[in-house]
Amino acid sequence: MNFLLKRLAFYLVAFLVAATFNFVIPRMLPGNPADIMLANANVAMGPAAREALMATFGFVDAPLHEQYFSYLKSIFTWDFGVSVKFFPVPVTDMLMQALPWTLFLTGAALLVSFSVGTLLGILAAWRRGTMIDVIASPTALALQSIPSVVVALCGLYFLGVSNKVFPTSYAFDPKLDPAWSFEFIASVAYHGFLPVLTLSMVLVGGYLVTMRNNMIGQLGEDYIYMGEAKGLSDARVRYTYAARNALLPSVTSLALSFGALFGGSLVTEVVFNYPGVGNLLYLGIVGRDFPLIQGQLLIMTLAMLIANFAVDLAYVFLDPRLKRA
Amino acid sequence: MKSLLKTFLRNRKAAIGLSIVLVYVVIAIAAPLIAQYDPLGRVGRPHQAPSADHWLGTTRMGRDVFSQLIYGTRNSLMVGLLAGFIVTAIGTTIGITAAYFGGKVDDVLNFMTNVVLVLPQLPLLLVLAAFLGQVSPLAIALIIGVTSWAWGARVTRAQALSLKTRDYIQASEMIGEPAWRMILVEMLPNLLSIIGFNFIGSVIFTIITQATLEFLGLGSPLTLSWGAMLYNAQNASAIIVGAWWEILAPCGAIVFIGVGLSLMNFGVDEIANPRMRSLGQVAKALKLERRLNRQRMQEANQ
């Protein structure tokens, strides 16, 4: 319990750092930040938009620390200002509409890549030096060094454009109305397949290599030999003995991979024109819509922190010693 | 130093990786000799397919894709190396300092590292780049460099901490060696493999991230780089009009250097941790050992 409370406090500080970052960056620019932002924005804007922009970044007539607190207050009351490009739609509304799609995409990709990568990693370590290891491990490493832009673009070209196997944009058929019908869910799955596949491809290598290395570390331990000596089946020693213990550091590295996960989904959404936070961000960048850009950083940070907390919970479950600590 | 290089090259993966990277370095240096056309000039009709004249076809602007690719290599390598250097310098300094001094210093530095680790990196970079406007490759190298050191700091710290408990370190401490000497002479050489691993990994990360940032439109579209090529191709709807060469050429360049660098890293890792080796004699030895064990067990059971 203590452990989880400590982690929560840590995440709160991390979120504050991200928010402060958003506050400081525009103030480090020379000149009036709002004017710069407006000049950079590729859309015409009235004085009302300028006013809103100033308010979003806490540029009120007050000393710096008061500006900071009023900024923090608006962040913690879930008010990220209004979009400049789609004036006057609140940024939070736009983000909340896009967030479920991003969560669906990242969640599905995480599930697929972590289970496939971990299983293959277990096998590669167990049969070290055989075909599966010699092929899977270097391939995994190579996959890790391929950016998601490349995987996504190649997937789009080969499976979406030149062989029209999968749709090239949107999260579902625009002719359908969102509903819990079989037709709609099938359409979502069909449209989501390629984005999930590309995102998983990028991630699977990392999980495979980590699991393989942890597994190799475990296989030299005495308790493995004891399991074998007792005459347990190979599968039992492999999964319930070695893998269970090797999973622990793998879960730690899972937390570290969330950055790649969210970064990857950003790019994948842009390539497949998928209506998630990443695609929204892309629109924001193209139009230099600063409230939207900083709003997505806060949302992404929040998502990262929640995901990390989920890993902490899993950790407590996997390593019962932490409960007492 | 010489023997270190020899060990490195004896590892097959490292040798293959190094040769791939060297090819890129040669291409970058000899770019004007290799490229037949001005990479920014209109030297052909728009979207010509690969042919004898234009080995990798042309872009919508009628620019030669092959020449762009060759010149882009310079940019990507330079940004990768510069950012890799910054990342490694910051990460190593923070990691070793935290581990060596321990106590309050460690608490503060470790806390900083952990905070940076849980912040989403790409969105953070995007915010920075967006505020800076269209950023030059140098600026990209700098912002990647100063935001990406956390992972390296963490692994270096962990390694340095385990080093600190070794006898020879404690002995030198008792002799009364000054802190700078302890860090630079006693610890740093034994951390070389983790530092090298960190450096190569950071170069890969930078090349990938640069391409991503530029693809998303945060670089300058006039830069000659693989990311800018992807951005321009995407803007010209190259995929939809079937100009696959415009997309696949920079993709291929990024993939191959990534593979080369990660093979090098695999080599570094295997040299540092011999248990990770998967090929050749280790595998044979392992198989033999397992068979022997099984035999012994059967004999014991009988």
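Note on numbering: residues in each chain are counted from 1, in written sequence order. Each chain gets a letter, beginning with A, and each ligand a number, beginning with 1, in the order they are written. Only residues with pLDDT of at least 70 are given local features in this predicted model, and only at 80 or more are side-chain atom pairs given and counted; all residues enter the totals for whole chains, interfaces and linings. Excluded from the side-chain calculation are hydrogens and water; included are all heavy atoms of the structure.

The name an unreviewed UniProt entry assigns to chain B is Peptide ABC transporter permease, from the organism Parasedimentitalea denitrificans. UniProt positions are given in the numbering used here, feature names are shortened, and annotations may be inferred rather than shown by experiment. The record held by UniProt for chain B lists under Subcellular location (unreviewed entry) the comment "Cell membrane". UniProt, in the comment section headed Sequence similarities (unreviewed entry), describes chain B in these words: "Belongs to the binding-protein-dependent transport system permease family."

The name an unreviewed UniProt entry gives chain A is Peptide ABC transporter permease, with Parasedimentitalea denitrificans as the organism. What UniProt records for chain A under Sequence similarities (unreviewed entry) is the sentence "Belongs to the binding-protein-dependent transport system permease family." According to its UniProt record, chain A has this under Subcellular location (unreviewed entry): "Cell membrane".

Draft legend 1. The arrangement of the packing of aromatic side chains in detail. Residue and element names in this part refer to chain B. Only Phe, Tyr and Trp rings take part, Trp by its six-membered ring, and two of them pair if their centres are within 6.5 Å. Stacked means planes under 30 degrees apart, edge-to-face means over 60, and tilted covers everything else. Scanning all chains against the criterion turns up 15 aromatic pairs over all chains. Between Trp151 and Phe197, the aromatic rings sit 6.3 Å apart at their centres with planes inclined by 40°, giving tilted as the arrangement. Here the residue Trp151 occupies a position in helix α8 (residues 150–164), and Phe197 occupies one in helix α11 (residues 192–215), the gap between them amounting to 46 residues. Think of it this way: any DSSP run of H or I at least four residues long counts as a helix, any run of E at least two long counts as a strand, and we number them from the N terminus.

Draft legend 2. Molecular detail of the interface of chain A and chain B. Contacts between chain A and chain B engage 60 residues on the former and 52 residues on the latter. Here the buried area means the combined drop in accessible surface, using a 1.4 Å probe, for two parts upon being joined, counting both sides. A combined buried area of about 5,200 Å² lies between chain A and chain B, and 77% of that area is made up of carbon and sulfur atoms. Among the residues of chain A in contact with chain B, Arg128(A), Leu153(A) and Tyr157(A) are the three that bury the most area, contributing 11% of the side total. For salt bridges, the criterion is a side-chain nitrogen of Lys or Arg within 4 Å of an Asp or Glu carboxyl oxygen. If you look at where chain A meets chain B, you find 0 salt bridges. The contact criterion used is simple: two residues touch if any of their non-hydrogen atoms lie within 4.5 Å.

Draft legend 3. Expanded view of the UniProt feature "transmembrane region" (unreviewed entry) in chain B. All names here are of chain B. UniProt records the feature "transmembrane region" (unreviewed entry) at residues 14–35, 77–101, 108–132, 138–156, 191–213 and 247–268, using the numbering of this structure. Strand forms 0% of residues 14–35 and helix 91%; the C-alpha atoms that close the span are 29 Å apart. In residues 77–101, helix accounts for 100% and strand for 0%; the two terminal C-alpha atoms are 35 Å from one another.

Draft legend 4. Broad picture of the UniProt feature "domain: ABC transmembrane type-1" (unreviewed entry) in chain A. This chain's UniProt record puts "domain: ABC transmembrane type-1" (unreviewed entry) on residues 99–315 of chain A. What you have in residues 99–315 of chain A is 81% helix and 0% strand, and the ends, taken at the C-alpha atoms, are 26 Å apart.

Draft legend 5. Expanded view of the pattern of salt bridges. Applying the stated criterion to the full structure yields 4 salt bridges over all chains. A salt bridge links Asp133(A) to Arg212(A); the shortest N-O distance between them is 2.9 Å. With Asp133(A) in helix α6 (residues 131–144) and Arg212(A) in helix α8 (residues 182–219), this residue pair connects regions lying 79 residues apart in the sequence. The exposure classification of Asp133(A) matches that of Arg212(A), with both residues buried. The partner of Arg181(B) in a salt bridge is Glu177(B), with the nearest N and O atoms 3.1 Å apart. When accessible area is computed with a 1.4 Å probe and restricted to protein chains, residues below 20% of their type maximum are described as buried, those above 50% as exposed, and intermediate ones as partly exposed.

Draft legend 6. A look at the UniProt feature "transmembrane region" (unreviewed entry) in chain A. Residues and elements named next belong to chain A. Listed under "transmembrane region" (unreviewed entry) in the UniProt record, and renumbered for this structure, are residues 9–29, 101–126, 138–159, 179–209, 246–272 and 292–318. Helix makes up 86% of residues 138–159 and strand 0%, whereas the separation of the span's terminal C-alpha atoms amounts to 25 Å. Between the C-alpha atoms that bound residues 292–318 the distance is 39 Å, and the span itself is 100% helix and 0% strand.

Draft legend 7. Quick look at helix α2 (residues 12–29) of chain B. All names here are of chain B. Here α2 spans 26 Å end to end across 18 residues, near enough to the 26 Å set by a 1.5 Å rise per residue. Buried within α2 are the following residues: Lys13, Ala14, Gly17, Val21, Tyr24 and Ala28. Each buried residue of α2 lies within a common arc of 90° when the element is viewed along its axis, so the set occupies one face. Away from the buried face of α2 by more than 90 degrees, exposed residues Arg12, Val26 and Ile29 are located. For a helix, the expected span equals 1.5 Å multiplied by the residue count minus one. By definition, the arc is the one covered by directions from the helix axis to the C-beta atoms.

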